[in-house]
Amino acid sequence: MTPVSDDDATAAFYSALAEDDPAELYDNAPCGYLSALPDGTIIKANATFLTWTGYDRDKLVGQRRFQDLLTVGDRIFYETHAAPMLFMQGMLREIAVEVMGASGLRLPMLVNALLKRDGDGQPQVIRAVMFDASERLAYERELVAARRRAEESEARARVLAETLQRSFLPPDLSLIHI
């Protein structure tokens, strides 16, 4: 499979939108789509997700579980908190995870998921949509760094003000006579 660039995927998305081709819209959406069995086994992935992660469809679909693509900490979070919530509430909203790409690159993503149940209420399929959160994460890190720099600057200004204030006081107040 030839990798598709983000520009190509976006162009294909808008072309499909004009043509109203649902299959093309799904495969080249500006977000990643996955469908998985209740145990997490991936049964469908769109081209956008495959491009972002660098996986070949045949090495992913039916071969890997969604949680196996997560970093260790995120896998623990998914299995102990997110998956139980999904099975209890039927949905997940804006769960931040890092997906490990085929090359080992960590990809920050926001995940929304829905659990589809059959007529008897048994879990049938998990449908998930993933959004690339790289720029958002970089922005959040810059905000934290800017706040840290502001706090450090404020601390230096406070020390300077205290030093300046002490410099106006005579060294020994007992020497002052009225």
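For the structure, check the block above.
Heads up: these notes are all about the structure in this document.

Criteria and thresholds
- Residues numbered from 1 in each chain as written.
- Predicted model: local features only at pLDDT ≥ 70, side-chain atom pairs only at ≥ 80, totals over all residues.
- Heavy atoms only, no water.
- Pairing = 2+ DSSP bridges.
- Helix = DSSP H or I, 4+ residues; strand = E, 2+ residues; numbered from the N terminus.
- Phe/Tyr/Trp six-rings, centres within 6.5 Å; stacked < 30°, edge-to-face > 60°.
- Buried < 20%, exposed > 50% of the residue type's maximum accessible area, 1.4 Å probe, protein only.
- Lys NZ or Arg CZ within 6 Å of the ring centre and 35° of its normal.

A closer look at the pairing of strand 3 (residues 91-100)
- The sheet contact formed by strand 3 and strand 4 (residues 106-117) spans 8 bridges and is antiparallel. Bridged to Ala96 within strand 4 is Leu110.
- Hairpin geometry of strand 3 and strand 4 is characterised by an intervening segment of 5 residues between the two adjacent antiparallel strands and by a positive phi of about 95 degrees at Gly104.

Examining the packing of aromatic side chains
- Applying the stated criterion across every chain, the model contains 2 aromatic pairs.
- Relative to Tyr33, the ring of Tyr26 lies with its centre 5.1 Å away and its plane at 10 degrees, an arrangement referred to as stacked.
- Each ring, one from Phe66 and one from Tyr78, has its centre 5.5 Å from the other, and the planes form 70 degrees; the classification is edge-to-face. Within this pair, whereas Phe66 is found in the loop between helix 4 (57-60) and helix 5 (72-89), its partner Tyr78 is found in helix 5, the two being separated by 12 residues in sequence. Each of the two residues, Phe66 as well as Tyr78, counts as buried.
- A cation over an aromatic ring shows up here: Lys44 above the ring of Tyr26, its NZ or CZ 4.8 Å from the ring centre.

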